[in-house]
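Coordinate inspection notes
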Amino acid sequence: MIGLLLACGEGPVDAENQRRAVDYAGVPGTRLAYAPGATPDDVPLWLAILEEAWELREGADWDEAPVWSRHEVTVDGPLRVDGVEFLPAEPRSSSDYTAYYGTFPDTVSTTVSEGELTGSWVFARDLGPVHLAVAGVERDLVYYEYVDEDTGE
């Protein structure tokens, strides 16, 4: 899989210079592909950000990849996945994070301690997870795309 270098610009966090979990949860209609950091050309694990869920698939192509799992996501305050808090309503710290895909200047990190998604997670503002852990394997972002939710394209 070929990744492109992402140029991320720094901007104001928001009008009050506060961070909100919803800003890091990702935009519905985004598909992100991940691979272990040492092997970015592995068959990707895909994450689709839907209105109230995340869907995971594994395969070379989203449309042909079988569904691995689906997780309920809420962002009315904290970011919760299947009822587990991933980020507090107002994450306090931010840092740069470099993944295979590029460097993201405004990220927040967490460690999830229960469930299938146990491990280290890093979220980039206005994109979503750029590092995740699923089934005991940590992966970095290697590609992402925005799709038209109405047509699936």
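This section reports on the structure supplied with the text.

**Digging into the overall build of the protein chain**
The helix and strand inventory of the protein chain stands at zero helices and eleven strands. Listed by position from the N terminus, the elements making up the protein chain come as β-β-β-β-β-β-β-β-β-β-β. Within the span of the protein chain, comprising 153 residues, buried residues form 47% of the whole. Long-range pairs, those at least 24 residues apart, make up 47% of the contacts in the protein chain between residues at least 6 apart in sequence.

**A short note on the nonpolar core**
Trp54, Phe86, Trp121, Phe123 and Leu141 are the most contacted members of the largest nonpolar core, which totals 34 residues. Counting residues in each nonpolar core, the second largest holds six residues, with Ala33, Ala48, Trp62 and Val142 among its members.

**Observations concerning the sheet that holds strand β5 (residues 79-81)**
Judged by pairing direction, the sheet is antiparallel, and its eleven strands sit side by side in the order β6-β5-β4-β3-β2-β1-β11-β10-β9-β8-β7 without closing on themselves. The open sheet terminates on both sides in strands that have one partner only, identified here as β6 (84-87) and β7 (95-98). Neighbour to neighbour, the strand axes of the sheet diverge by 35° on average, direction disregarded. Direction of pairing for strand β3 (residues 53-58) relative to strand β4 (residues 67-74): antiparallel, over a ladder of five bridges. What sits directly across from tryptophan 54, in β4, is histidine 71.

**Some thoughts on the pattern of salt bridges**
Scanning all chains against the criterion turns up seven salt bridges. Across the pair arginine 125 and aspartate 23 runs a salt bridge, and its minimum N-O distance is 3.1 Å. Highlighted residues: arginine 125 in the loop between β9 (119-124) and β10 (128-134) and aspartate 23 in the segment before β1 (30-35), separated in sequence by 102 residues. Just as arginine 125 is buried, aspartate 23 falls in that class too. Shared partners join several salt bridges into a network, and the residues in it are Arg20, Asp23 and Arg125.

**Thoughts on unusual backbone geometry**
The phi angle at aspartate 82 is positive, at roughly 55°, despite the residue not being glycine. Look at aspartate 82 and you get partly exposed, because its relative accessible area is 42%.

**Considerations on the packing of aromatic side chains**
Inspection of every chain in the model, using the stated rule, returns nine aromatic pairs. Residues phenylalanine 86 and tryptophan 121 carry aromatic rings whose centres are separated by 5.1 Å and whose planes lie at 75° to one another, so their mutual orientation is edge-to-face. With phenylalanine 86 in strand β6 and tryptophan 121 in strand β9, the pair connects residues that are 35 residues apart, well separated along the chain. Considering the side-chain rings of tryptophan 121 and phenylalanine 123, the 5.8 Å spacing of their centres and the 15° angle between planes classify their relative orientation as stacked. Comparing tryptophan 121 with phenylalanine 123 shows no difference in burial state: the two are buried. The ring of tryptophan 62 carries arginine 57 above its face, with NZ or CZ at 4.0 Å from the centroid.

What counts as what
Residues numbered from 1 in each chain as written. Predicted model: local features only at pLDDT ≥ 70, side-chain atom pairs only at ≥ 80, totals over all residues. Heavy atoms only, no water. Helix = DSSP H or I, 4+ residues; strand = E, 2+ residues; numbered from the N terminus. Buried < 20%, exposed > 50% of the residue type's maximum accessible area, 1.4 Å probe, protein only. Contact = heavy atoms within 4.5 Å. Core = buried A, V, L, I, M, F, W, Y, C linked by side-chain atoms within 4.5 Å. Pairing = 2+ DSSP bridges. Axes fitted to C-alpha atoms, helices over the stretch in contact; angles between N-to-C directions. Salt bridge = Lys/Arg side-chain N within 4 Å of Asp/Glu carboxyl O. Phe/Tyr/Trp six-rings, centres within 6.5 Å; stacked < 30°, edge-to-face > 60°. Lys NZ or Arg CZ within 6 Å of the ring centre and 35° of its normal.

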